[in-house]
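# Coordinate inspection notes
Single-letter residue listing:
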Amino acid sequence: MGWLGTAVLVLCLSSNGRPAQAEAQPGPWRHAISLTGEPRYPTDFRQTDYVNAQAPKGGRARIGDLGTFDNFNPVVAGVKGNIAAYLNTIYEPLLKPALDEPTTEYGLLAEAVSYPADTSSVSFRLRPEARWHDGVAVSAEDVVFSFQSWKAISPQFNRYFNKVQRAEIVNPREVRFVFSEGGDAALPLYVGQMSILPKHWWEGRDAKGRKRDIRATTLEPPLGSGPYRIKSFTAGRSLVLERVDSYWGLAVPIRVGTENLDRLEIEYFRDAAVMFEAFKADRLDMRRETSIKSWITGYDFAAAREGHVVKEAFPIARLGIVKAFVFNLRREQFADVRVRRALAMAYSFDEMNRNVFHNMLSRPASFFPRTDFEATGPLSEEERGLLASLTGAPSADTLAHVAQHHLAAPRADLFNALELLKEAGYRLNNGRLLDKAGQQLTLEFVLEDGAMERIAAPYAANLAKLGIASAIRLVDDVQYQNRLRNFDFDIVAHAWVQGHAPGNEQREYWASDSAAKRGTNNIAGLESPLIDGLVEKLVLAPTRTDKIAAGRLLDRVLRTRQIGVMIGAEDKEYMAYWNRFAHPARMPEFGAMAFPSIWWRDETKPN
């Protein structure tokens, strides 16, 4: 028996070594999990309010993606290879989020979920009709196999679910996850987000008789349970997904009215400008615009002027997103917080917003923008009580003061930046900022998006006024991912994505034990016992009030660390598309553009 078979067998045993037995349910079976109250939709709901249940099925969408791919195995995506886009349409989770309510998920592969009041475990009951594309039923063995595979192979998954102690098969359609401790109300929901993999397929052999290896990258089209499967591909260049006519989940309420297109055709580009030209030439149907300058000035071409190309902006309500230039704190030049503050002072938000973003960005003041966890003004009574229980925390006055100041300065403050650098031991000599050993402070920006180069260049010019030498290195997607995994960078552009119920992902963003692990989302390499403690307070908060207090206090402390310089916060997603598609008139509040999931091809349009 191989390592994975042995591990699955171990997981199927209870703590005393006997096969896990079905137990009295610790809580009622539910059709959904919500972290903010009762679910919007009742047990017997037939569809969500935001879809068009009568949307026609058919047509195709041609979509561009930047970079390349050499892998269809999502389990190893964090450590090797470049994963192909849209694989989430092939694999399915136990639960699926509703797009018109925050932090609420409804049964997909699972028809019901149960957990005790102390959330020390969670059980899922699978739908009897759930099938893999080869007709085999999705089973509890698949769920346990998937959990063990993700936890053993994926560093991010391992840290994300470090409190999940074991999984137990109760019966062929029921699986139970036991947690090492209770109190984390969000953990049952997070477990439900796990993509489920087919055990029988991964333990089988491919068409050439070779045994499959879930620890390796692969370009063998995978077996899934979702609405799409891979029809064809050219490695690194293109991928065609086709809708599965026999898809088992068409009538599942959370799926009704979704995944309406017959084909998703993804073409890969190495250059963003070339991809835009392909869109303008009608080689691509849609474009998610990430450059505000391009959004304002780049659509003056015939098809757009004549209405054949439509531009829409979709409000972002589900997430708080802040983009930043992040410093690699693993490197010596960033060890002193005074240096990091000085570097932040050299960035001029007003100048960049005016010249690059057409005054469409807001100046960020928080790591949790537009959520209940954004800290503003003096500390609340709950924050002060929590602060008093922490060791090594800044004073309440300091934390109140930092909340009044933006992480991106309105204008470059080079004079005070230079004073801070001098305090940190640097000196200016003939236009060069030198350390105590006489070496010039030199920084490298590692970027994968050409649009970020236009933001980095003026920033680098301001750094040069301080005597700091900087280079901007634009690399392709493969090089970029490898440099991130090996921590081979000084500064990178990164975005933190925050929801309305932050939880385990905060360990991945900030916790010390993730700083040195390949594939980490702790991009800065932040290590702080104080922040570790606050993250745990946030994750394990017993009430929403406690969670908000811990989150706001974490926000304040993170600001004192100055781990980067905030570029700006966006409150919309921008999309341009050829006028041959339609979407519901009332888009879901927390779904942004939700393309292609709830869109459909409109054959009444002339394009």
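Keep in mind the model is a prediction, meaning the values are calculated, not measured. (Residues numbered from 1 in each chain as written. Predicted model: local features only at pLDDT ≥ 70, side-chain atom pairs only at ≥ 80, totals over all residues. Heavy atoms only, no water.)

### A short note on the nonpolar core
To be explicit about the condition: Side-chain atoms within 4.5 Å link the members of a nonpolar core, which is a set of buried Ala, Val, Leu, Ile, Met, Phe, Trp, Tyr and Cys residues. Each residue is placed in one exposure class: buried if its accessible area under a 1.4 Å probe, protein chains only, is under 20% of its type's maximum, exposed if it is over 50%, and partly exposed if it falls in between. The way it works is that DSSP assigns letters per residue, a run of H or I at least four long becomes a helix, a run of E at least two long becomes a strand, and they are numbered from the N terminus.
Residues L94, F124, F177, V191 and W599 are the most contacted members of the largest nonpolar core, which totals 86 residues. The element that contributes the greatest number of residues to this core is helix α2 (residues 140–153), accounting for seven residues. Residues A342, L343, L447 and I468 belong to the second largest nonpolar core, which totals 52 residues.

### Concerning the sheet that holds strand β5 (residues 104–107)
This is how it is decided: At least two bridges found by DSSP between two strands are what make those strands a pair. Angles here are taken between N-to-C directions and fall from 0 to 180 degrees, while the axes themselves are lines fitted to C-alpha atoms, restricted in helices to the stretch in contact.
The sheet built from three strands is open, its strands ordered β1-β5-β4 with antiparallel pairing. Looking at strand neighbours, the two that pair on one side only are β1 (32–34) and β4 (95–97), the edges of this open sheet. Neighbour-to-neighbour, the strand axes of the sheet open up by a mean angle of 25 degrees, direction not taken into account. Here β1 runs beside β5; their pairing, made up of three bridges, is antiparallel. Its bridge partner lying in β5, S34 is registered against T104.

### Looking at the packing of aromatic side chains
Describing an aromatic ring pair means giving the distance of the ring centres and the angle of the ring planes. Basically, it comes down to this: Note on aromatic contacts: the rings of Phe and Tyr and the six-membered ring of Trp form a pair at centre separations within 6.5 Å, being stacked when their planes are under 30 degrees apart, edge-to-face when over 60 apart, and tilted otherwise. Think of it as a cone above the ring: NZ of Lys or CZ of Arg counts as a charge over the ring if it is within 6 Å of the ring centre and within 35 degrees of the ring normal.
Tallying each qualifying case throughout the model produces 32 aromatic pairs. Consider the rings of F124 and F177, whose centres lie 6.1 Å apart with planes at 80 degrees: the pair is edge-to-face. You can see F124 sitting in strand β7 (residues 121–126) and its partner F177 sitting in strand β9 (residues 174–179), a full 53 residues away along the chain. For the pair F124 and F177, a shared accessibility class is recorded, and that class is buried. Plain terms: the ring middles of F276 and Y299 are 5.2 Å apart, the flat faces sit at 50 degrees to each other, and that makes the pair tilted. Of this pair, F276 sits in helix α6 (residues 272–280) while Y299 sits in the loop between α7 (292–297) and α8 (302–305), and the two are 23 residues apart along the sequence. Judged on exposure class, the residue F276 and its partner Y299 are both buried. An aromatic cluster of three or more residues is present, and its members are F124, F147, W150, F157, F161 and F177. Sitting over the ring of W201, R212 keeps its end group 3.9 Å from the ring centre.

### Observations regarding the pattern of salt bridges
Convention followed: Salt bridges, as used here, are contacts in which a Lys or Arg side-chain nitrogen is within 4 Å of a carboxyl oxygen on Asp or Glu.
One pass over the structure, following the stated rule, counts 39 salt bridges. Between D206 and R210 there is a salt bridge, with its nearest N and O atoms 2.9 Å apart. We note a salt bridge from R507 to E536, for which the minimum N-O separation is 2.8 Å. With R507 in helix α16 (residues 505–510) and E536 in helix α17 (residues 529–539), this residue pair connects regions lying 29 residues apart in the sequence. Residues joined by salt bridges that share partners form a network here, namely R331, E444, R473, R483, D488 and D490.

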